[in-house]
Amino acid sequence: MAKFDKLSKFISLVLRHNPGAANIALDEHGWADVEELLAGVSQTGRKIDLEILKEIVASDGKQRYSFNEDMTRIRANQGHSIPVDVELKECQPPEFLYHGTASRFYASIQQEGLKPMGRLYVHLSSDVETAVKVGKRHGVPVVLKIHSGEMSRDKHKFYLSENGVWLTKEVQGKYMEKL
Ligand code: HQG
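Residues numbered from 1 in each chain as written. Predicted model: local features only at pLDDT ≥ 70, side-chain atom pairs only at ≥ 80, totals over all residues. Heavy atoms only, no water.

**Here we look at the pattern of salt bridges**
Reasoning step 1: Counted according to the given criterion, the structure contains eight salt bridges.
Reasoning step 2: Where E95 meets R153, a salt bridge forms, and the shortest distance between an N and an O atom there is 2.8 Å. Taken together, the residues span a long stretch of sequence, with E95 in the loop between β4 (89–90) and β5 (97–102) and R153 in helix α6 (residues 148–153) at a distance of 58 residues.
Reasoning step 3: Looking at E95, the relative accessible area reads 38%, which means it is partly exposed.
Reasoning step 4: On the basis of relative accessibility, which here comes to 52%, the residue R153 falls in the exposed class. (Salt bridge = Lys/Arg side-chain N within 4 Å of Asp/Glu carboxyl O. Helix = DSSP H or I, 4+ residues; strand = E, 2+ residues; numbered from the N terminus. Buried < 20%, exposed > 50% of the residue type's maximum accessible area, 1.4 Å probe, protein only.)

**Quick notes on the nonpolar core**
In a soluble, globular protein the nonpolar side chains are often hidden away together inside.
Reasoning step 1: Within the largest apolar cluster, 23 residues are counted, with the highest numbers of intra-cluster contacts made by L15, L53 and I74.
Reasoning step 2: Contributing elements (two or more residues each) for this core: α1 (5–16), α2 (34–43), α3 (50–59), β2 (65–67) and β3 (73–76).
Reasoning step 3: Sort the elements by how many residues they give to this core and α1 lands first, with five residues.
Reasoning step 4: Excluding residues within four positions of it along the chain, L15 makes contact with L26, A32, Y65, I74, R75, A76 and H80.
Reasoning step 5: L114, M151, F158 and Y175 belong to the second largest nonpolar core, which has 15 residues in total. (Core = buried A, V, L, I, M, F, W, Y, C linked by side-chain atoms within 4.5 Å. Contact = heavy atoms within 4.5 Å.)

None of the figures reported here should be taken as evidence of function without further support.
And the structure:
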């Protein structure tokens, strides 16, 4: 386990799902004030300072967080469940993208398509390997090949987060196949 894994998980919770856990608020674009965040996290009994926060941001394996230019604010690049607008870039997707899920969800996904569930978007990756890893988080992995090019031609929008995750609002069953 990396040095600050537990703390990083907590920061992720605060910046994506529950800012109240550190007694802070995010602005409409998902930014937290860095000083407020450090004070709030410290008050929960966790040891943190700006240097530690910088190390968490720099060493994060999925580049989950970004500072603004003068490092007074920080936000998660994607993955939110609370309604913030992180100014995602609308992008033309590749012809195919991939989604990893658990085999036990497959019947329901076939029936109603991929939904964002607890988050704001359905998360997709450009490679199968990442999708397998994401699927394993939930159980026995199943990878769905998403016909993103066709979706785009049918006017469905795609966004690419700062850390390279493809996002879309939902994927109907007709646009996917099981690998
Ligand atoms: C499934 C991680 C039943 C969906 C990863 C998924 C990712 C359905 C689960 C990011 C369904 C939601 C997101 C339907 C979707 N019926 N199940 N109709 N539609 N589902 O965790 O994509 O480490 O919210 O397949 O790397 O697994 O947090 O989404 O299995 O990029 O940065 O409902 O989280 O990144 O689970 O993961 P999640 P996800 P971080």
